[in-house]
Amino acid sequence: MEQNAKADQTDFLRHLFVPVYMPAILFATGEGALIPVVPLTATALGANVATSGIISGLLMIGVVIGDIPAGVIVARWGETFAMRVAAIAAIVSAVICWKAPNLAVLAAGVLMIGIASAAFNLARHTFLTVWTPLWYRARALSLLGGTTRVGYFVGPFLASPVIALAGSRSVYWLHVVACLTVLIVLWAIPDPEQILSKNKALAEAHNKGGLPSASNKPVPQTQQAAVANADSGNGANSAARKPTRHRLPIVTYFSVLIRMGTAAGILQAMRASRQVILPLWGVQLNVSESHIALIMGIAGAVDLSLFYTSGQVMDRFGRRWAAVPVLIGLSISHLLIPFATVEWGYIAVAILCSIANGLGSGIVMTLGSDLATRYAPDDMPGFLSGWRVFTDSGSAFGPLAISAMTAASSLAGAAVLMGCCGLVGAFMMQRYIPRLVGK
């Protein structure tokens, strides 16, 4: 029985890897390559450090702005169409950044890249919410979270030789090439929605004793489970095939989003803040730049290695067994930062932070999918767009909170305050996940 389940999982992933996970890796790789280059471009155009930081922050602001419109696109035209539009918009945006003659044009291009990223990410999230069986959902979404980690890990390594050979602005073409490859993949392969719909028809015919499957074998139980999961109210069809009127999700689902969305937003803020506070603390300890880069690279590798474990924990034991420990781990890491007064302590805190973050890969998307299934089965793109507004706002807020707290007190004070916020988020997760999600 266990072998059959593993075979079904493998078959399901085989159908999804090229149309869903591969474009995700490519898109994230291009985005990961250009993120470090944006402040360099701004500086070259005459911006000071503060202005460069603001322009870099426009990427995440663009994501927040794009979440609701992305939900409308997915609901009306489907996930695959939204991914294609997002890839085209990202190409145009990258070219605008490459040719930007001044800071205003660069800012517009960066904002557009963020909006395109919102549409692309929401489309992938909605697709897996609709088609992935509930018992396997967390593992599928943790893999999706892992693709972003892979792209952000590989992207800077690809950007480094390009900068050395052709200058920093040439890195924008890496994103162009990545998005062009995404378009080729999406146009060259069959639409995964059509594949799964076809498998649904084969499964129904086989179960009725009618037509055999194409390979004279039973249709894998994973795909039957995906269809059964959909037909029972967990996303009966793709949003493109069953359009619904798109309501303003933040208002419509406010009672759910204000509780779970706030908790998930705190988690995202903690994740984003660690990317800012750890390098800054290394600078404060007089750790060399090369050592800081190496430590962050090792921490990133630890994070990357754990992404699938999170999905296994969530599917087997429930969502809160990932969400609560992750928030507690990130909180403890932040609270320990003021005590890391030597380099080895700094390394230990960075590794602990990465372990905590890695064990929560996909948790935010999984919670969003569970809540969409329960509270908005006929309006999944709309609900998920509202959900992502809350979570992406947390990602945008984290670095800004660190800056404000540091200015008001100190970097150590900012770390302690963020750690306390994380404990509040852990309490909210512990309180609301069993009541709202049933896990």
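Only a predicted model underlies this, so the values are computations on that prediction, with no experimental measurement involved. (Residues numbered from 1 in each chain as written. Predicted model: local features only at pLDDT ≥ 70, side-chain atom pairs only at ≥ 80, totals over all residues. Heavy atoms only, no water.)

1. Details of the packing of aromatic side chains
Quick note on the threshold: Working definition: rings of Phe, Tyr and Trp (its six-membered ring) pair if their centres are within 6.5 Å, and the pair is stacked with planes under 30 degrees apart, edge-to-face with planes over 60 apart, and tilted otherwise. We count a stretch as a helix when DSSP gives it H or I for four or more residues in a row; a strand needs E for two or more, and each element gets its number in order from the N terminus. Criterion for a charge above a ring: Arg CZ or Lys NZ at most 6 Å from the ring centre, at most 35 degrees from the ring normal.
This structure, assessed with the given rule, holds six aromatic pairs. On the basis of an interplanar angle of 75° and a centroid distance of 5.1 Å, the ring pair of W98 and W173 is categorised as edge-to-face. Placement of the pair is W98 in helix α4 (residues 79-99) and W173 in helix α7 (residues 172-188), with a sequence separation of 75 residues. Above the ring of W98, the side-chain terminus of K99 is found at 5.3 Å from the ring centroid.

2. Let's talk about the environment of L278
Operational definition: Contact criterion: two residues are considered in contact whenever any of their non-hydrogen atoms come within 4.5 Å of each other.
With respect to the element layout, L278 can be found in helix α11 (residues 254-284). Excluding residues that lie within four positions of it along the chain, L278 makes contacts with M296, I337, Y346, V349, A350 and C353.

3. Considering the confidence of the model for the protein chain
Here is the rule: Every residue gets a pLDDT, meaning the predictor's confidence in that residue, from 0 to 100.
Mean pLDDT over the protein chain stands at 83; residues scoring 70 or higher make up 82%. Across residues 202-246 the pLDDT falls below 50, and counting only partners more than four positions away or on other chains, this stretch makes 94 contacts in the model.

4. Examining helix α6 (residues 137-166)
Test applied: Working rule for helices: expected span equals 1.5 Å times residues minus one.
With 30 residues, α6 should cover 44 Å at 1.5 Å per step; its first-to-last C-alpha distance of 43 Å lies within 8% of that length. After α6 finishes, the residue G167 shows a positive phi value of roughly 95°.

5. A short note on α4
Applied cut-off: Burial classes follow relative accessibility: with a 1.4 Å probe on protein chains only, a residue under 20% of its type's maximum area counts as buried, one over 50% as exposed, and anything between as partly exposed.
For α4, spanning 21 residues, the distance from its first C-alpha to its last is 30 Å, which sits close to the expected 30 Å at 1.5 Å a residue. When α4 is considered as a whole, its buried residues turn out to be E79, T80, A82, M83, A86, A87, A90, I91, S93, A94 and C97.

6. A few points about unusual backbone geometry
The backbone of N286 sits at a positive phi, close to 65°, despite the residue not being glycine. Residue classification places N286 among the exposed positions, given a relative accessible area of 69%.

7. Observations concerning the nonpolar core
Operational definition: We call a set of buried residues a nonpolar core when its members are Ala, Val, Leu, Ile, Met, Phe, Trp, Tyr or Cys and they connect through side-chain atoms within 4.5 Å of each other.
Of all hydrophobic cores here, the largest spans 109 residues; its most connected members are F383, W387 and M429. Broken down by element, this core gets its largest block of residues, 13 residues, from helix α5 (residues 103-131).

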